[in-house]
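Structural description and commentary
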Amino acid sequence: AASYRDGTYTGSTSNHKYGSVTVSVTIKDGKITAVDTPTLPSGDRQSAEISDFASSQLVDETLTAQSSQIASVSGATLTSRAYKTSLQSALDQASS
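Looking at the overall build of the chain
Helix and strand content of the chain: two helices and four strands. Tracing the chain from N to C terminus, the helices and strands come up as β-β-β-β-α-α. For the chain, whose C-alpha radius of gyration is 13 Å, the value lies close to the compact-globule estimate of 12 Å for 96 residues. The principal-axis extent of the C-alpha atoms belonging to the chain is close to 40 × 20 × 15 Å. For the chain, buried positions account for 43% of its 96 residues. For the chain, long-range pairs separated by at least 24 residues make up 45% of all intrachain contacts whose partners lie at least 6 apart in sequence.

So, the pattern of salt bridges
Here the structure, examined in full by the defined rule, presents one salt bridge. Residue Arg45 is joined to Glu49 by a salt bridge in which the shortest nitrogen-to-oxygen separation is 3.1 Å. Residue Arg45 and its partner Glu49 are both found in helix 1 (residues 45-65); the two are separated by four residues, about one turn of the helix.

What about the confidence of the model for the chain?
Overall, the predicted model of the chain reaches an average pLDDT of 94, with 98% of residues at or above 70. Mean pLDDT across the elements of the chain ranges from a minimum in strand 2 (residues 14-16), with 94, to a maximum in strand 1 (residues 7-10), with 98.

Some words on the nonpolar core
Counting residues in hydrophobic clusters, the biggest one holds 21 residues, and the most contacted among them are Val23, Val25, Ile27, Val35, Tyr83 and Leu91. Sorting elements by how many residues they give to this core places helix 2 (residues 77-95) first, with six residues. Ignoring sequence-local partners within four residues, the contact set of Tyr83 consists of Val21, Val23, Val35, Thr37, Leu58, Val59, Thr62 and Ile70.

As for the side chain of Ser80
Structurally, the position occupied by Ser80 is in helix 2. Its relative accessible area of 0% is what places Ser80 among the buried residues. Those residues in contact with Ser80 that sit more than four places away from it in its chain are Leu58, Ser72 and Val73.

A few points about helix 1
Think of an α-helix as turning once every 3.6 residues; residues three or four places apart then point the same way. Its 21 residues give helix 1 an end-to-end C-alpha distance of 30 Å, which sits within 8% of 30 Å, the value for a rise of 1.5 Å per residue. Within helix 1, burial applies to Ser47, Ser51, Ala54, Ser55, Leu58, Val59 and Thr62. Down the axis of helix 1, the buried side of the element spans an arc of 145°, and every buried residue falls inside it. Every exposed residue of helix 1 that faces more than 90 degrees away from the buried side is listed here: Arg45, Gln46, Asp52, Asp60 and Thr64. Contacts made by the buried residues of helix 1 are with strand 4 (31-39) and helix 2. Directly beyond the C-terminal end of helix 1, a positive phi value near 60° is found at Gln66.

Rules used throughout
Residues numbered from 1 in each chain as written. Predicted model: local features only at pLDDT ≥ 70, side-chain atom pairs only at ≥ 80, totals over all residues. Heavy atoms only, no water. Helix = DSSP H or I, 4+ residues; strand = E, 2+ residues; numbered from the N terminus. Rg over C-alpha atoms; globule rule 2.2 N^0.38 Å. Buried < 20%, exposed > 50% of the residue type's maximum accessible area, 1.4 Å probe, protein only. Contact = heavy atoms within 4.5 Å. Salt bridge = Lys/Arg side-chain N within 4 Å of Asp/Glu carboxyl O. pLDDT = per-residue confidence, 0-100. Core = buried A, V, L, I, M, F, W, Y, C linked by side-chain atoms within 4.5 Å. Expected span 1.5 Å × (residues − 1). Arc of directions from axis to C-beta.

So, in structure tokens, the structure goes:
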């Protein structure tokens, strides 16, 4: 597993056709201890529902995997891809 520097890191915002995703990670003792999604697609009710559903699953997977090597959420492929891009950006900052 990668070793990360303690702190909070916000990844670059990743855009897709339904909106934007920004992921922020908190590292403590070299491990991912919290993940926040300050920006998620919410332009319409369906996007907001998909974002809520997908983000909680993606956050859980991130905490388990301790990396961006996680599965996409079925039915939320674009949001999953954007989440992983922003997450990797945050983790790159934490490991540099």
